[in-house]
Amino acid sequence: MDSHFFAYMYRLRYIERWSLMRNTVKENVAEHSFHVAILTHVLCTIANEVYGRQVPTDRIVSMALFHDATEVFTGDIPTPVKHHNPKILSNFREIEQLAAERLLDMVPAKLHAVYEPLIDTKKASYEPELKKYVKAADLLDAYLKCVTELSAGNKEFGSAKKQIEQAIQELNMPEMAYFLEHLAPSLEKTLDELSEE
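Residues numbered from 1 in each chain as written. Predicted model: local features only at pLDDT ≥ 70, side-chain atom pairs only at ≥ 80, totals over all residues. Heavy atoms only, no water.

Visitor: Help me understand the overall build of the protein chain in this model?
Guide: Each helix and strand counted, the protein chain has 11 helices and zero strands in total. Dimensions of the protein chain, computed from C-alpha atoms along their principal axes, come out at roughly 55 × 40 × 35 Å. Across the 197 residues of the protein chain, 39% fall into the buried class. The long-range fraction of contacts in the protein chain, counting pairs at least 24 apart against all pairs at least 6 apart in sequence, stands at 70%. Put simply, the protein chain shows about 11900 Å² of open surface, and 54% of that area lies on carbon and sulfur atoms. (Helix = DSSP H or I, 4+ residues; strand = E, 2+ residues; numbered from the N terminus. Buried < 20%, exposed > 50% of the residue type's maximum accessible area, 1.4 Å probe, protein only. Contact = heavy atoms within 4.5 Å. Areas by Shrake-Rupley, 256 points an atom, 1.4 Å probe, with all protein chains shown as cover.)

If you want it as structure tokens, here you go:
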């Protein structure tokens, strides 16, 4: 029997993000997953190389690649909808769990042990210390989306940027502060400005 797992993973490109907002540049879940993976990689690298930690970068980046895999069934539910009240969030988490189980049913038995902890985070034994890098990268990608939209003159993302900045501060991660100081500013520049330096 054929496994449809990767056929569904490739369909993440059809799931649009930021559906309640006017966007100058559309973004899909596949793009977002790639961005979160590279941001996770850099945050882990900063942790290890700048702050002398021993974070398992490859393992956490794998977690990041699949962090929104269930959205192939649930779609991207906007944060204001998901977090409108605890009951909605609880119901969404239940739907997300069912989507994870459905995806995992498609994984061949010999590969199941590898993909289960990446897709079904309830069954995974991830330490919160590892998950926090994916959560931080997810937040950072949303922040960078706001920055690029605002740089393009789209004021629609002004309020979201302020809320995300607050959430970033609450994480209190030196890796995030390092990224925002040394790497993020260039994302506000035009191609001409980048080429001049």
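Visitor: Looking at this structure, how should I read a nonpolar patch on the surface?
Guide: A cluster of nonpolar side chains, contributed by Leu20, Val81 and Ile88, occupies part of the molecular surface with about 240 Å² of accessible area. Locating Leu20 in the fold gives a position in the loop between helix 1 (5-10) and helix 2 (29-49). (Patch = residues over 30% accessible without salt bridge, like charges linked within 9 Å, V, L, I, M, F, W, Y side chains within 5 Å. Salt bridge = Lys/Arg side-chain N within 4 Å of Asp/Glu carboxyl O.)

Visitor: Before we go on, may I ask you to explain helix 6 (residues 86-104) in this structure?
Guide: For an α-helix, 3.6 residues make a turn, and residues three or four places apart therefore share a direction. For helix 6, with 19 residues, the first-to-last C-alpha span of 27 Å sits near the 27 Å given by 1.5 Å per residue. Buried residues of helix 6: Phe92, Gln97, Ala99, Ala100, Leu103 and Leu104, and no others. All buried residues of helix 6 project into a common sector of 165 degrees when viewed along the axis, lining one side. Facing away from the buried side of helix 6 by over 90 degrees, the exposed positions are Lys87, Glu94 and Leu98. (Expected span 1.5 Å × (residues − 1). Arc of directions from axis to C-beta.)

Distances and angles like these do not, on their own, reveal function.
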